[in-house]
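Residue-level structure breakdown
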Amino acid sequence: MSTLWAVVRKDLQLFLTDRRAVLMHLVAPVVIAGFMGFVFSGSSGSGGDRKPSRVAVRVVDQDGSAISRGIAAGLAADAMLEARPAAREEAREDVRRGRVAVAIVIPPGFGQAAGAALFRPAGKPEIPLLYDPSHSAERALVEGLLTQHAMQAVSRHAFSPSGVEEQMRSLEDAPLEPARKAALRTLLASAAALGATGPGGGAPAAMTLPYSVRAEAVTASAQVPYSGYAHSFAGMSVQFILFAGINMGVAMLVDRQRGVWKRLRAAPLSKGFVLGARTLSGALIGFTTLCVVFAAAVAIFGVRVQGSLVGFVGVLAAFAIMASTLGLLIAALGRTPEATRGVSIFAVLIMVMLGGAWVPTFLFPAWMQRATLAVPTRWAVDGIEAMTWRGLPLASAVPAIAVLLGFAVLFEALALLRFRWEAD
Amino acid sequence: MLEIRGLRKRFGDRLAVDGVSFELRPGEIVGVLGPNGAGKTTTVSMIAGLMRPDEGEVHIDGRPLRDDTDPAKRRIGLVPQELALYDELSARDNLRFCGGLYGLSGRALDGAIGSALGLVGLQDRAAHRVGTFSGGMKRRLNLAAGLLHGPDILLLDEPTVGVDPQSRNAVFDNLEALKRQGKALLYTTHYMEEAQRLCDRIVIIDQGRIVAHDTLRGLLRLLPAANRLHVELPATPADGAWLDDLRTLPGVSSATLAGDQLAVGTSTLGPTAARVLAFLEERGLPCQHVHSERGDLEAVFLELTGRRLRDS
């Protein structure tokens, strides 16, 4: 036991000796996770009820009709958008320079054509949508909102007395079958009677969405908002603990270079004991770092363990053990510290990316989401999220703990198998 | 106490150690002398259990050393060629780690640390970071780290590499103290002066093989001449019959001419020197300058291998 403690104590001392490195291990994940949590949670403020940023759009009204003015007014009033009028060339330039994500161009004659097209499929006008291809998500949002506001403006005009009169006149010359014309006349007459005034004598009625949406964020409970910080802290702590694992592996290669390895080999110790002791010290360092980082997340950023505390600690411990064995594997496969560090950092960054530490995995293609289940970081991030903002019970942490420990056993076994036990 | 029997180790095509055998007794220092790459470190590594020999065995008190966890390894202390220390830790913490590897803890460990630091004269630097130590101090601490668990066999692999003369003497004093305590020391070096000063017996090793193994006196007896007389002549003479005549003089065992430099091997320096100088005077080759040197391990190595130790 004293031999095991000698190895672990020395590793802990070495870790704590370099105070700048310790500070980096603890401060860097907190700062980066704080920043990412802030960005992914929306605008400034605290908690999960913050309003998201509004999408900047330009509206080019080349028509000037009542309908186009109605659409522009609807877009300008929309809480999701920051819509400003602009000339076509100015709008295009703003999109090209990335100042706005989308520009909507309402062409000349749009109002008249759109009114007619409401009842007759032929002759639909086009609305050019200029968009920044790096903001395709915003384009989809703007397209949906445009549809809503265009339908309201067009239908409001179409059901107004002047609109019905216009439609009746244009119907005379329309190339339609007599029976269809008669049906449309009846429809327009009914619309005129219905839509002369809106409910309660207000503005003319318009087509509206036949439903309203009540969105509910499903978290631990109704009182618990989603915390973007919980996700970013899960991701960043996973990333930095893996880096700590690399450092441990590289330190073993440095030990080999500076001859300390010979002291270990000269002592009556087995390979399993020496590698096991290093695993233990790496896991202790990783677990302690995780606890400190999440303590900061709780104290400063309001992250809460809404699920099982035991499950949360279990996931952190299992991940720390897994990261430590990964370091051991790196030491087993590496040759020189310098070359090993570069390759390992690349491998860890890939693991972190696939694990959803940078961006949530639901943004990945479906096949990749399935494939990332083979990456331990995915289980770590999902496990931590399950125990924090998702507020799931201990049973939900068990698969993550089991998989992480499974990876740990695999890495440890491979390290034992491949480790160059003999001194150089 | 320690017996090495037929150790052999191959790295790829290269035979690094080829059938090395010798023994080490309590209270003696055995030197393993050879040029860089001769196989000294590989031999020590196999004795210490750092690498497995392809053939041969290491015995301690007649019992072969077995696997990694053989308790007999506690009887061996290794002082590696590298400064196997953590610069970031204090001297005491480094020793605490090294002692801990052998299961020492508590008061026993504190006592061992105090004794080891006392032996190498670093008690007052116990709490200082090793990174602040001079090269000589690190070498002494490296030695202390190998002594903590009280081994009665000490393997020292070039323990004075890169050390100033003063620190080297301090290390030598430490080693002589350990020898007086009855410890058996195996000392590898490529400095013949160190082997001559310290070692009771010397194993000369070259290209993985032992080429000689004896006391210093016994090794010097291998030389055809115990002394060498160097004479500078006024000009380069024609190599002729006079050189053969010189070789027949009483006490002269060899005579070689290189340019204007004449080298004469002899076992009796005084009378032979007078005889040689008189002979040259008679032949019209007056001496311009003369000096003599004793035979040493360098000469022994040259005699045995045809190469100089430092050029190998």
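Residues numbered from 1 in each chain as written. Chains lettered and ligands numbered in written order. Predicted model: local features only at pLDDT ≥ 70, side-chain atom pairs only at ≥ 80, totals over all residues.

Side note on the overall build of chain A
Check the secondary structure of chain A and you find 16 helices and four strands. The C-alpha radius of gyration of chain A comes to 32 Å, more than 25% above the 22 Å expected for a compact globule of 424 residues. Referenced to the eigenvectors of the C-alpha coordinate spread, the extents of chain A come out at roughly 105 × 40 × 40 Å. For chain A, with 424 residues in total, the buried portion stands at 43%. Here the analysis covers contacts within chain A between residues at least 6 apart in sequence; of these, 80% occur between residues at least 24 apart. (Helix = DSSP H or I, 4+ residues; strand = E, 2+ residues; numbered from the N terminus. Rg over C-alpha atoms; globule rule 2.2 N^0.38 Å. Buried ≥ 20, exposed ≤ 12 C-beta atoms within 10 Å, placed from the backbone. Contact = placed C-beta atoms within 7 Å.)

Some words on the domain arrangement of chain A
Here the domain parsing of chain A yields domain 1 (2-44 + 228-418) and domain 2 (55-199). Relative placement of domain 1 of chain A and domain 2 of chain A: their C-alpha centres are 55 Å apart. (Domains from an automatic or database assignment.)

Topic: the nonpolar core
Grouped burial of nonpolar side chains is what soluble globular proteins tend to show. Counting residues in hydrophobic clusters, the biggest one holds 153 residues, and the most contacted among them are Phe233, Leu242, Val315, Phe319 and Leu404 of chain A together with Ala144 and Leu155 of chain B. The element that contributes the greatest number of residues to this core is helix H9 (residues 228-257) of chain A, accounting for 16 residues. In this structure, Val315 of chain A is in contact with Ala380, Gly383, Ile384, Met387, Ala397, Ala400 and Ile401 of chain A, ignoring residues within four places of it in sequence. Val59, Ala91, Ala101 and Val102 of chain A belong to the second largest nonpolar core, which has 34 residues in total. (Core = buried A, V, L, I, M, F, W, Y, C linked by C-beta atoms within 7 Å.)

With respect to the domain arrangement of chain B
Domain annotation for chain B reports domain 1 (2-220) and domain 2 (227-294). The C-alpha-based centres of domain 1 of chain B and domain 2 of chain B are spaced at 44 Å.

Observations concerning helix H9 (residues 269-282) of chain B
Residues and elements named next belong to chain B. Here H9 is 14 residues long and its end C-alpha atoms lie 20 Å apart, about the 20 Å a rise of 1.5 Å per residue gives. Within H9, the full set of buried residues consists of Thr272, Val276 and Leu280. What you see down the axis of H9 is that its buried residues fit within an arc of 70 degrees, all on one side. Turned more than 90 degrees away from the buried face of H9, the exposed residues are Gly270, Pro271, Ala274, Ala278, Glu281 and Glu282. Of the surrounding elements, those touching the buried residues of H9 are strand S11 (227-232), helix H8 (241-247), strand S12 (252-258) and strand S13 (261-266). Positive backbone phi, at 75 degrees, marks Gly284, one or two positions downstream of H9. (Expected span 1.5 Å × (residues − 1). Arc of directions from axis to C-beta.)

Section: the confidence of the model for chain B
All names here are of chain B. Within chain B, residue pLDDT values average 89, and 98% of them lie at 70 or more. Mean pLDDT values over the elements of chain B span from 80, in helix H10 (residues 297-305), up to 95, in helix H2 (residues 91-100). Our summary of model confidence lists the complex with pTM equal to 0.75 and ipTM equal to 0.80. (pLDDT = per-residue confidence, 0-100.)

So, the environment of Ala83 of chain A
Residues and elements named next belong to chain A. Residue placement: Ala83 occurs in strand S2 (residues 81-85). Take Ala83: there are 26 C-beta atoms within 10 Å of it, and that puts it in the buried class. Here the alpha-carbon distance between Ala83 and Leu275, two residues 192 residues apart in the chain, equals 62 Å. Here Ala83 is in contact with Val57, Val59, Leu75, Ala76 and Asp78, once residues within four sequence places are set aside.

Describing the sheet that holds strand S4 (residues 129-131) of chain A
Residues and elements named next belong to chain A. The mixed open sheet is built from four strands, whose spatial order is S2-S1-S3-S4. Each edge of the open sheet is held by one strand with a lone partner, namely S2 and S4. The sheet shows a mean angle of 20 degrees between the axes of neighbouring strands, taken without regard to direction. On top of the sheet, helix H3 (residues 66-77) reaches strand S1 (55-61), S2 and strand S3 (102-106); it is set at about 165 degrees to S1, its chief contact. (Pairing = 2+ DSSP bridges. Axes fitted to C-alpha atoms, helices over the stretch in contact; angles between N-to-C directions.)

Overview of the pairing of strand S9 (residues 201-206) of chain B
Residues and elements named next belong to chain B. Burial within S9 is extensive, with five of its six residues counted as buried. In the sheet, strand S3 (residues 29-33) pairs with S9 via four bridges, with the strands oriented parallel. Bridge pairing in S9 links Val30 to Arg201.

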